[in-house]
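Residue-level structure breakdown
If you want the building blocks of each chain, they are given just below.
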Amino acid sequence: MKTINPLEVFGSAIMQVQKPSRYLGGDFGQTVKPFSNNDVLYNFGMAFPDLYEIAMSNQAIRIIYNNLNAYDSIRAERVFAPEKDFEQLLIQKDIPLYTLESGIPLHELDMIGFSIGYELGITGVLCMLDRGKIPLLKKDRTEHDPIVIAGGCGITNPVPLQNFFDAFFIGEAEHEMFELIHAVSLMKQRGASREEMLSYFCSHESVWVPGKKAKRAVYNKFGQEDSVPSYFPIANIKPVQEHGVIEIMRGCPNGCRFCHAGIYYRPQRMKPVDRIIREADELILKAGCREISLNSLSSGDYEGIGQVLDILTERYKHLNVSFQLPSLKVNSFTLPLLEKLSEVRKSGLTFAVETPDELWQLSLNKEVFEERLFDIIMNAKKRGWSKAKFYFMVGLPVSGSDKTEEEAIVDFLLKIQSATRIQCTVNVGTFIPKPHTPYQWAKQLSMEESRQKLNFIRYSLPKGKFKVSTHDEFVSFIEGIISRGDERVGDILLSAYNKGCRLDAWEDHIQKELWFEAIKESGIDVQTLLSERDIDKPLAWDDISMGVSKTFLKNEARKSQQGLLTKPCIQDCDHPCGICGSETKIFIKNVSQDVYKSIPFPDELTRLNIERQEHNIPVLYRVLFQFDKFNQGIMLPHLALQELFHKAFLRSAMPIVYTSGFNPVPKLELACSLSIGIGSDGEIASCLLYENMNTEDFIQAINVNLPEGIRISKAVIFPVSNKLKRESLASLYWGASYTIALDEESYALCKAYPPVNQILSQCSYTEDKHIFQLKVPFALDKKLRTFMEEAVNKSIFTFAELKRIESYAVYNDEVMTFFKAYELIAEKHAELL
């Protein structure tokens, strides 16, 4: 197999795309399994149909990636959707889309699995298959093509997508899907054909293909057994959500009738506190996280959540670790819980109200008491919160009020803001009835109806007090068509993709006119797909079971019309939905306040104490270090580089000095930022330690915790007194030396351009065979590159290879290396010690 090294095959052209690091791999903690001469590993592509920053925020990707790589017979590697500029580069160079770890072309994989969390990801799927040189339609695939599968919340009605995928796995991946793919991987080793492996895969009860029934797989042992750690890989560039994640509970007891996830993840299963603590230890020490989300569909319904926060806060209080509960019902949001959340760093206050009318809330099987909400916000303001976010939906199947939905939402928000004076961020979307929920038969608003309601809310709330965002009604329209569509919708999706639709979940990418063209050309009256359905007629997705009976869903739909509540799920309930059985059941573990005492505190974390104040310590230890940027590291932006070092310090348990204030960070200083695309052997940085240590130990400890392409090559550590002001690197920075290698034509053009020669005349330099070796002051650095670009009339990366060799300081009016300057500075401190 011929793999792809993107830096080699694209060369300087990679600089033409936004954020080239998206496509280079090298993330810290990635799993790379080397190839052998007779390689028989099963090559699995873990695919996500959106950009790197979204994909690397998705916990499901890490769970599947790490669990599959735990098998010796499987090589699982990541691949994500390309931005349009990179897609054009792939086309221009005739290079297939490839995996990030080893650069395996997608068409060379054995299987590619797409995790689809939302309907509009489908054009991303088609783009990835197309650019990976895999036939888009399953009927066109041969023995030499990979098996293409999909899973996730976004495919519980797979009928519109059935022509694109060879099979669909329905439900939770652990551990049924992992064992299934493992079995297929062993079939490959025995010489099985693609057809044989696909046939075996499709025989599983949780795999759906047309003409077959499938039942959702449920991970019955969630919280009851050790799982494969799933915090790696760590993104090299900032993802959309970069908190560490601990899934404290799967499933939700509440049964909100509009909630698709509530059905998909039934039943409620709690993770015991001792497992949560161990995961937190690993997230801090191995992943380098200081912000951790305790995730579930409704974290406030985790029994004993207040005690859990007490345990975690006490355990990590010296590390300034903050814990967030991103999904809290208003009725589970207590004052003690609010106080615990405010102890370290205040995360946002978020309230998913959905609809403000209490009668309508009964229809949804959800209660949000207005008075309770007032109390929460007023108490939050006393503790320093100044903003709150509210989520609402329009188009819910509710009735029985003298107000319209939009009027009720506006009146509710004005009343809340007037009483609390809090700054309100409001997000309003159009309700999309989802398969397998009690509202799967309900009507969805037309685009015009949505637009009128959303505009009313947007223009009725004063801008100074409210920040209002609304979900695009066109996006909701497309989501609705896919969500409850039939096989005919697949033709619309393929046509829209072929017309140029990509990354449709992004407002700046969705091309509405192309979607309208595709819909019109299909001849399908798509409005019928959004209309109310007859509750007694079959549905396109009836062959797929979430484990909840259709009778239960019908009863819930009728109770919604009557405004009747259904009690939360409990063990041995009196209103069985069908999900619980001999193996699948609710799992609740009581919290013991003393449980954490039995879990030893990692020795490495005892060395860290972010709460220590440097001004109380007479002697600290300054580290001056030099690091290289090469390969993938060349493409890392400055802020990403800082964050990578921050995480490396925490992972290595370095006794680093932190800043004070609201959000302490390591006292790290980089002498001068370097443009992406330029390699370096001479980047200079500095940090402070509370304790002295051997320089080689420092270098080794940090290097093993850095991603590919960044390595410390040299360091010195010396004591500094608090009686002497510390010189910053930036204040001493003079400039740097570079090599600039040009092609013959560009060299001639640069040499003939007077502004270039004028800069060169102010630098010390040599030249040999079109290669400049020069030492340039900071003030002239960027000017020289700009004038070279003017001379050649191209981006410098298209005609030159640049590398920074050494960074220089100016100290006592003399230009010298930073190590020489700080040798002199160290002597001054030594005199005071």
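The paragraphs below set out a description of the structure included in this document. (Residues numbered from 1 in each chain as written. Predicted model: local features only at pLDDT ≥ 70, side-chain atom pairs only at ≥ 80, totals over all residues. Heavy atoms only, no water.)

Some details on the overall build of the protein chain
Scanning the protein chain for helices and strands turns up 28 helices and 26 strands. The C-alpha radius of gyration computed for the protein chain amounts to 29 Å, which stays within 12% of the reference 28 Å derived for 833 residues, consistent with globular compactness. Overall size of the protein chain, expressed as C-alpha extent along the three principal axes, is 85 × 60 × 55 Å. A burial count over the protein chain gives 58% of its 833 residues as buried. For the protein chain, long-range pairs separated by at least 24 residues make up 79% of all intrachain contacts whose partners lie at least 6 apart in sequence. (Helix = DSSP H or I, 4+ residues; strand = E, 2+ residues; numbered from the N terminus. Rg over C-alpha atoms; globule rule 2.2 N^0.38 Å. Buried < 20%, exposed > 50% of the residue type's maximum accessible area, 1.4 Å probe, protein only. Contact = heavy atoms within 4.5 Å.)

Observations regarding unusual backbone geometry
Here the amide bond leading from Phe232 into Pro233 is cis, since omega sits at -5 degrees, within 30 degrees of zero. By the element assignment, Pro233 lies in the loop between β7 (214-215) and β8 (244-247). Its identity is not glycine, yet Leu503 carries a phi of approximately 45 degrees, on the positive side. Mapped onto the elements of the fold, Leu503 is located in the loop between α17 (489-499) and α18 (512-522). Here the phi dihedral of His770 falls at roughly 70 degrees; this positive angle occurs in a residue that is not glycine. Relative to the helices and strands, His770 resides in the loop between β23 (764-768) and β24 (771-777).

Description of the sheet that holds strand β11 (residues 291-295)
In sheet architecture, strand pairing relies on hydrogen bonds along the backbone and comes in two forms, parallel and antiparallel. Taken together, 3 strands build an open sheet; the order of strands is β8-β11-β12 and the sheet is parallel. Two strands close off the open sheet at either side, each with one partner strand: β8 and β12 (322-324). Across the sheet, the mean angle separating the axes of adjacent strands is 25 degrees when strand polarity is ignored. Bridge count for β8 against β11 is 4 bridges, and the pairing is parallel. Counted as the bridge partner of Gly244 is Ile292 from β11. Sheet strands in contact with helix α9 (residues 273-285) are β8 and β11, and its direction is about 165 degrees off that of β8. (Pairing = 2+ DSSP bridges. Axes fitted to C-alpha atoms, helices over the stretch in contact; angles between N-to-C directions.)

Notes on the packing of helix α16 (residues 473-483) against α18
The description of two packed helices rests on the angle between their axes and on the distance between the axes. Between α16 and α18, the least distance of the axes is 11 Å, while the angle of their chain directions is 35 degrees. For the pair α16 and α18, the crossing hand works out as left-handed. Taking contact as the criterion, the partners of Phe474, Phe477, Ile478 and Ile481 in α16 are, on α18, Lys512, Trp515, Phe516 and Ile519. Classifying every residue of the contact of α16 with α18 by side-chain character gives 7 nonpolar, no polar and 1 charged. (Left-handed = near helix turned anticlockwise from the far one by under 90°. Nonpolar A, V, L, I, M, F, W, Y, C, P; charged D, E, K, R; others polar.)

Focus on a negative patch on the surface
A cluster of acidic residues, Glu176, Glu179, Glu205 and Glu583, forms a negative patch at the surface. Mapped onto the secondary structure, Glu176 falls in helix α6 (residues 176-189). Under the relative-accessibility criterion, Glu176 is labelled partly exposed at 32%. (Patch = residues over 30% accessible without salt bridge, like charges linked within 9 Å, V, L, I, M, F, W, Y side chains within 5 Å. Areas by Shrake-Rupley, 256 points an atom, 1.4 Å probe, with all protein chains shown as cover. Salt bridge = Lys/Arg side-chain N within 4 Å of Asp/Glu carboxyl O. Lys, Arg positive; Asp, Glu negative; His and termini not counted. Charge placed at Lys NZ, Arg CZ, Asp CG, Glu CD.)

Looking at the nonpolar core
Residues Phe44, Tyr316, Phe351, Phe390, Phe625, Phe645 and Phe698 are the most contacted members of the largest nonpolar core, which totals 134 residues. Ignoring sequence-local partners within four residues, the contact set of Phe351 consists of Val330, Phe333, Leu373, Ile376, Ile377, Ala388, Lys389, Phe390 and Tyr391. Residues Phe114, Met128, Val526 and Leu529 belong to the second largest nonpolar core, which totals 85 residues. (Core = buried A, V, L, I, M, F, W, Y, C linked by side-chain atoms within 4.5 Å.)

Considering empty space enclosed by the protein
With the rule as written, the count across this model stands at 8 cavities of 30 Å³ or more. Estimates place the volume of the largest cavity at around 90 Å³. Contributing to the lining of the largest cavity are 14 residues, with Glu119, Gly154, Asn157, Ile482 and Ser483 lying nearest its centre. Classifying every residue of the lining of the largest cavity by side-chain character gives 7 nonpolar, 5 polar and 2 charged. (1 Å grid on protein atoms, 1.4 Å probe; cavity = no way out; pocket = protein on both sides within 12 Å on 5 of 7 lines; lining within 4 Å. Points joined across faces, edges and corners; volume = space filled by probe spheres on them.)

Here we look at the pattern of salt bridges
Inspection of the entire model under this criterion finds 51 salt bridges. For the salt bridge of Lys139 with Asp140, the shortest nitrogen-to-oxygen distance reads 3.2 Å. Note that Lys403 is salt-bridged to Asp411, the shortest N-O span being 2.8 Å. Classification of Asp411 by relative accessible area gives partly exposed; the value is 36%. Within the structure, one salt-bridge network assembled from shared partners comprises Glu172, Glu174, Arg216, Glu247, Arg250 and Arg269.

Examining the environment of Lys567
Following the sequence through the fold, Lys567 ends up in the loop between α20 (550-562) and α21 (603-606). Assessed through its relative accessible area of 52%, Lys567 is described here as exposed. It is 7.4 Å that separates the C-alpha atoms of Lys567 and Asn254, two residues lying 313 residues apart in sequence. Residues contacting Lys567, with those up to four places away along its chain left out, are Asp574 and His575. A polar contact is formed between the side chain of Lys567 and the side chain of Asp574, at a distance of 3.0 Å. (Polar contact = N/O pair within 3.5 Å; in protein donor to acceptor, adjacent residues only side chain to side chain.)

Some thoughts on α18
Buried within α18 we find Leu514, Trp515, Ala518 and Ile519. One side of α18 holds all its buried residues, which, seen down the axis, span an arc of 135 degrees. Turned more than 90 degrees from where α18 packs its buried face, Lys520 and Glu521 sit exposed. Looking at the packing, one finds that the buried side of α18 touches α5 (122-131), α16 and α17. (Arc of directions from axis to C-beta.)

Focus: the sheet that holds strand β16 (residues 466-470)
As summarised here, the arrangement of the 4 strands in space is β13-β14-β15-β16, forming an open sheet in which the pairing is parallel. For this open sheet the edge positions go to β13 (349-354) and β16, each flanked by a neighbour on one side alone. In this sheet, neighbouring strand axes are inclined to one another by 20 degrees on average, regardless of whether the strands run parallel or antiparallel. Inspection of the sheet shows β13 paired to strand β14 (residues 387-394) by 5 bridges, in the parallel sense. Following the sheet pairing, Ala352 is matched in β14 by Tyr391. Sheet strands in contact with helix α14 (residues 405-420) are β13, β14, β15 (423-430) and β16, and its direction is about 165 degrees off that of β14.

Section: the packing of aromatic side chains
Going through the model one piece at a time under the given rule, you end up with 30 aromatic pairs. Between Phe10 and Tyr98, the ring centres sit 6.5 Å apart and the planes meet at 40 degrees, which makes this aromatic pair tilted. Here the residue Phe10 occupies a position in helix α1 (residues 6-10), and Tyr98 occupies one in the loop between α4 (84-93) and β3 (111-115), the gap between them amounting to 88 residues. Of the two residues, Phe10 and Tyr98, neither departs from the other in class, the shared state being buried. Relative to Phe778, the ring of Tyr733 has its centre 5.8 Å away and its plane inclined at 80 degrees; by these criteria the two rings are edge-to-face. Taken together, the residues span a long stretch of sequence, with Tyr733 in strand β22 (residues 733-742) and Phe778 in helix α27 (residues 778-792) at a distance of 45 residues. Above the face of the Tyr459 ring, Arg458 is positioned so that its terminal group lies 5.8 Å from the ring centre. Sitting over the ring of Trp734, Lys775 keeps its end group 5.9 Å from the ring centre. (Phe/Tyr/Trp six-rings, centres within 6.5 Å; stacked < 30°, edge-to-face > 60°. Lys NZ or Arg CZ within 6 Å of the ring centre and 35° of its normal.)

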